[in-house]
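# Working through the structure, step by step
For reference, the chains in residue letters:
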Amino acid sequence: MLEFYALQLCRISIRSIRSFLCQLFNRCLEHGIVPSSFKSGYGTPLLKKADLDAANVKSYRPITNLSVLSMLLERLVAQQLTEYLTKNGLLPELQSAYHAHHSTETAMLKVMGDNLLALDSGNLAMLSLLDLSVAFDTVDYDTLLRRLQTSYGFDGIVIKWFISYLSGRVQ
């Protein structure tokens, strides 16, 4: 019952602040700035698996929680970015992430299908796997920004926004 009232409170609140949020997010995008308060996260250690030793530090992984406003702005930008890349045919055809009706399952089906076709044709098939689950943690920001400019044509305020987004983050 408490969840129902909390949900109702959120619905009432959003109606009264939506114009403020719209103005705030539009200004962030128009000026290429992400407020520093949006880049401050609260770090929490989370046990990787329930059966691991809770006394061992290696049993934990860090989780950073950002403010709701920060996540809303990120979601807005991600949606606009995905629409732009899709509309302009800039996403690789076989990329599963950020493509409608594509998932890990469709990627695995493609790999399996290609391997089975190769084997049925009498060819050899070899599969090499690479775990990229923490790949974003190792991205060089300068390389990413250069790639956004050269490969996708982003410049001006858009690049300024991404620079602001990526810099000055704290936990």
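Residues numbered from 1 in each chain as written. Predicted model: local features only at pLDDT ≥ 70, side-chain atom pairs only at ≥ 80, totals over all residues. Heavy atoms only, no water.

## Description of the packing of aromatic side chains
Tallying each qualifying case throughout the model produces five aromatic pairs. For the ring pair phenylalanine 154 and phenylalanine 162, a centre distance of 6.4 Å and an interplane angle of 5° mean the geometry is stacked. By relative accessible area, which is 8% here, phenylalanine 154 ends up buried. Judged by relative accessible area, which is 13%, phenylalanine 162 ranks as buried. Where tryptophan 161 meets phenylalanine 162, the ring centres are 5.2 Å apart and the plane angle is 90°; that geometry is what we call edge-to-face. (Phe/Tyr/Trp six-rings, centres within 6.5 Å; stacked < 30°, edge-to-face > 60°. Buried < 20%, exposed > 50% of the residue type's maximum accessible area, 1.4 Å probe, protein only.)

## Side note on the nonpolar core
Val34, Leu73, Leu148, Phe154, Trp161 and Phe162 are the most contacted members of the largest nonpolar core, which totals 18 residues. Contributions of two or more residues to this core are made by helix 1 (2-31), helix 2 (68-87), helix 4 (141-150) and helix 5 (156-166). Counting residues per element, this core draws most heavily on helix 5, which supplies five residues. (Core = buried A, V, L, I, M, F, W, Y, C linked by side-chain atoms within 4.5 Å. Helix = DSSP H or I, 4+ residues; strand = E, 2+ residues; numbered from the N terminus.)

## A look at the confidence of the model for the protein chain
The predicted model of the protein chain averages 86 in pLDDT, with 98% of residues at 70 or higher. Per-element confidence in the protein chain is highest for helix 5, whose mean pLDDT is 95, and lowest for helix 1, whose mean pLDDT is 83. (pLDDT = per-residue confidence, 0-100.)

## Section: helix 5
Along helix 5, the residues classified as buried are Ile159, Trp161, Phe162, Ser164, Tyr165 and Leu166. Positive backbone phi, at 70°, marks glycine 168, one or two positions downstream of helix 5.

## Things to note about helix 2
With 20 residues, helix 2 extends 28 Å from end C-alpha to end C-alpha; this agrees with the ideal 28 Å at 1.5 Å per step. Buried within helix 2 are the following residues: Ser70, Leu73, Val77 and Leu85. Looking down the long axis of helix 2, one finds its buried residues gathered within 95° of arc, a one-sided arrangement. Among the exposed residues of helix 2, those oriented more than 90 degrees off its buried face are Val68, Arg75 and Lys87. Glycine 89, located one to two residues past helix 2, shows a positive phi value of around 60°. (Expected span 1.5 Å × (residues − 1). Arc of directions from axis to C-beta.)

## Brief notes about the packing of helix 4 against helix 5
When two helices pack together, their arrangement is captured by the angle between the axes and the distance separating the axes. Running from amino to carboxyl end, helix 4 crosses helix 5 at an angle of 160°, the nearest separation of the two axes being 11 Å. The angle between the axes of helix 4 and helix 5 places the two elements in the roughly antiparallel class. Our pair here, helix 4 against helix 5, has a crossing hand that is right-handed. Residue-level inspection shows Tyr141, Leu144, Leu145, Leu148 and Gln149 of helix 4 in contact with helix 5, the latter providing Ile159, Phe162, Ile163 and Leu166. Along the lines of polarity and charge, the residues of the contact of helix 4 with helix 5 split into eight nonpolar, one polar and no charged. (Axes fitted to C-alpha atoms, helices over the stretch in contact; angles between N-to-C directions. Parallel < 35°, antiparallel > 145°, perpendicular 65-115°, else oblique. Left-handed = near helix turned anticlockwise from the far one by under 90°. Contact = heavy atoms within 4.5 Å. Nonpolar A, V, L, I, M, F, W, Y, C, P; charged D, E, K, R; others polar.)

## Notes on the environment of leucine 7
Take leucine 7: it is sitting in helix 1. The exposure class of leucine 7 is partly exposed, given its relative accessible area of 41%.

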